[in-house]
Amino acid sequence: MTNDNPFGETIYSYSRAQAIDDGVLVDLSQVDSIKQHWKLPFACTSAVWSIIEEALKREDQDVSGICHDISTMAKLGVQGAGNSGQIHFKVIIIGQMHELKLHIGTCDTASPVLTLMLPGED
């Protein structure tokens with residue numbers, strides 16, 4: 001151990017890229033409405049993705065529209081949020097209210113990223 005690394009050498013780390021490859025996270029960065037609302041890489045957990053997939057079973061829904069609704073409500077939530085690095089907000093998706101959490105953190109390269117998740121996830 002050194003003063004630079006008081007916990008010693010890293011034994012194992014699980015990268016954001018691995019989580020996306022494994023399906024633990026779903027990269028939404030290329031969705032048009034996400035690109036319009038956010039300038040940072042944006043992913044959601046598989047639990048949030050399952051909510052989106054359920055909505056997509058209806059013919060009148062598409063990913064960009066659902067992500068637009070989520071982004072709009074998240075941005076409204078930002079206005080009342082402090083500096084905790086995350087915001088909690090509610091959004092209606094196909095008539096059902098869902099509580100979500102948007103977290104800003106760092107990825108594998110220490111660059112900022114956004115991750116959308118359910119309130120109990122981290």
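Scroll up for the structure.
Basis of the calculations
Residues numbered from 1 in each chain as written. Predicted model: local features only at pLDDT ≥ 70, side-chain atom pairs only at ≥ 80, totals over all residues. Heavy atoms only, no water. Helix = DSSP H or I, 4+ residues; strand = E, 2+ residues; numbered from the N terminus. Buried < 20%, exposed > 50% of the residue type's maximum accessible area, 1.4 Å probe, protein only. Lys, Arg positive; Asp, Glu negative; His and termini not counted. Charge placed at Lys NZ, Arg CZ, Asp CG, Glu CD. Salt bridge = Lys/Arg side-chain N within 4 Å of Asp/Glu carboxyl O. Contact = heavy atoms within 4.5 Å. Polar contact = N/O pair within 3.5 Å; in protein donor to acceptor, adjacent residues only side chain to side chain. Phe/Tyr/Trp six-rings, centres within 6.5 Å; stacked < 30°, edge-to-face > 60°. Lys NZ or Arg CZ within 6 Å of the ring centre and 35° of its normal. Pairing = 2+ DSSP bridges. Axes fitted to C-alpha atoms, helices over the stretch in contact; angles between N-to-C directions.

Novice: Any chance you could break down the overall build of the chain for me, citing the residues and the numbers?
Specialist: Along the backbone of the chain there are four helices and five strands. In the chain, the order of α-helices and β-strands from amino to carboxyl end is α-β-α-β-α-α-β-β-β. Each principal axis of the C-alpha atoms in the chain carries an extent, and together these give about 55 × 35 × 25 Å. Looking at the chain residue by residue over its 122 residues, the buried ones come to 33%. Charged side chains of the chain number 8 positive and 16 negative; the gap between the two group centres comes to 8 Å.

Novice: Mind laying out the pattern of salt bridges, listing which residues take part and the relevant values?
Specialist: For the coordinates displayed, the defined rule picks out three salt bridges. Residue E54 pairs with K57 through a salt bridge whose shortest N-O separation is 3.1 Å. When its relative accessible area of 43% is taken as the criterion, E54 is described as partly exposed. A salt bridge links D60 to R58; the shortest N-O distance between them is 3.1 Å. Taking the relative accessible area as the measure of exposure, D60 reaches 53% and is therefore exposed. Classification of R58 by relative accessible area gives partly exposed; the value is 40%.

Novice: Can you break down unusual backbone geometry residue by residue, with the values?
Specialist: Keep in mind that most residues, glycine aside, have a negative phi and that most peptide bonds are trans. Unlike most non-glycine residues, I94 shows phi in positive territory, near 40 degrees. Assignment of secondary structure puts I94 in the loop between β3 (86-93) and β4 (96-106). In this structure I94 comes out as partly exposed when scored by relative accessible area, which is 28%. You will see that A110, though not glycine, has its phi angle at about 70 degrees, which is positive. Residue placement: A110 occurs in the loop between β4 and β5 (112-117).

Novice: If you had to explain the environment of K75 to someone new, which residues and values would you point to?
Specialist: Residue placement: K75 occurs in helix α4 (residues 63-80). Every residue in contact with K75, bar those within four places of it in the chain, is listed here: H37 and W38. A polar contact is formed between the side chain of K75 and the backbone oxygen of H37, at a distance of 2.8 Å.

Novice: Before we move on, can you summarise the packing of aromatic side chains with the specific residues and values?
Specialist: What the rule picks out here adds up to one aromatic pair. Sitting above the plane of the W38 ring, K75 keeps its charged end 5.3 Å from the centroid.

Novice: Before we move on, could you go through the sheet that holds strand β1 (residues 25-27) and cite the residues and values that matter?
Specialist: One open sheet accounts for five strands, arranged β1-β2-β5-β4-β3; its pairing is mixed. For this open sheet the edge positions go to β1 and β3, each flanked by a neighbour on one side alone. Averaged over all neighbouring strand pairs, the angle between strand axes comes to 30 degrees, with direction disregarded. The pairing of β1 with strand β2 (residues 42-45) spans three bridges and is classified as antiparallel.

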